[in-house]
Amino acid sequence: MRLRPSAQGFTLLEVLVALVIVGTALGASLRAVGSLTQNSNGLRTAMMATWSAENRLSQIRLAGTWPPTGKRSFECPQGALKLVCEEEVMPTPNAAFRRVEVSVFDAENPERRIIKLNQIVPNAL
């Protein structure tokens with residue numbers, strides 16, 4: 001008994017087309033996973049920077065002292081992430097309040113500001 005030509009298997013061309021389709025799908029999947037990983041790292045860094053800035057603003061509120069005007073920088077790492085916080089205290093039009101700005105930078109790339117938070121602090125006296 002002889003088999004029909006269509007029942008004998010796949011041609012080389014059909015196999016190559018299938019491999020191209022599978023390869024394209026795998027390439028797109030890898031690219032999507034890489035993009036998700038990169039976005040995840042950026043969100044993690046932003047979250048850690050926010051925590052550092054919020055910690056500093058909380059310290060100022062809890063200290064109960066009138067913060068002196070001026071600008072200063074200090075390290076504010078979060079785990080293995082090396083961050084640098086820059087705090088600037090400025091007077092406001094109302095003498096009973098001061099404006100505090102905390103900017104967080106990446107220690108390895110100091111030109112890149114990750115986040116900036118502001119707060120108005122009342123005179124505790």
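Structure: see above.
These lines cover the structure that appears in this document, whether it is placed above or below. Computed from a predicted model, the values in this text were never measured in an experiment. (Residues numbered from 1 in each chain as written. Predicted model: local features only at pLDDT ≥ 70, side-chain atom pairs only at ≥ 80, totals over all residues. Heavy atoms only, no water.)

A look at the overall build of the protein chain
Next, step 1: What the protein chain contains, in helices and strands, is one helix and four strands.
Next, step 2: Ordered by position from N to C terminus, the α and β elements of the protein chain give α-β-β-β-β.
Next, step 3: For the protein chain, whose C-alpha radius of gyration is 29 Å, the value lies well above the compact-globule estimate of 14 Å for 125 residues.
Next, step 4: Overall, the C-alpha framework of the protein chain stretches about 105 × 25 × 25 Å when taken along its three principal axes.
Next, step 5: By the burial criterion, 23% of the 125 residues in the protein chain qualify as buried.
Next, step 6: Nonlocal contacts in the protein chain, meaning residues at least 24 apart in sequence, comprise 41% of its contacts between residues at least 6 apart.
Next, step 7: Looking at the protein chain as shown, the accessible area adds up to about 9,300 Å², and 60% of this sits on carbon and sulfur atoms.
Next, step 8: Computed over 14 positive and 10 negative side-chain charges, the separation of the two mean positions in the protein chain equals 7 Å. (Helix = DSSP H or I, 4+ residues; strand = E, 2+ residues; numbered from the N terminus. Rg over C-alpha atoms; globule rule 2.2 N^0.38 Å. Buried < 20%, exposed > 50% of the residue type's maximum accessible area, 1.4 Å probe, protein only. Contact = heavy atoms within 4.5 Å. Areas by Shrake-Rupley, 256 points an atom, 1.4 Å probe, with all protein chains shown as cover. Lys, Arg positive; Asp, Glu negative; His and termini not counted. Charge placed at Lys NZ, Arg CZ, Asp CG, Glu CD.)

Thoughts on the state of the cysteines
Next, step 1: Following the criterion strictly, the structure yields one disulfide and no others.
Next, step 2: The side chain of C76 participates in a disulfide bridge whose partner is C85; the two sulfur atoms lie 2.0 Å from each other. Disulfide C76 to C85: torsion about the S-S bond roughly 95°, handedness right-handed. Each member of the pair, C76 as well as C85, is classed as buried. (Disulfide = S-S within 2.5 Å.)

Here's the deal with a nonpolar patch on the surface
Next, step 1: A cluster of nonpolar residues, F10, L12, V15, L16 and L19, forms a patch on the protein surface that exposes about 560 Å² of accessible area.
Next, step 2: Checked against the element boundaries, L16 lands in helix α1 (residues 12-63). (Patch = residues over 30% accessible without salt bridge, like charges linked within 9 Å, V, L, I, M, F, W, Y side chains within 5 Å. Salt bridge = Lys/Arg side-chain N within 4 Å of Asp/Glu carboxyl O.)

A closer look at the environment of A28
Next, step 1: For A28, the position within the fold is in helix α1.
Next, step 2: Distance in space between the C-alpha atoms of A28 and N55 is 41 Å, their sequence separation being 27 residues.

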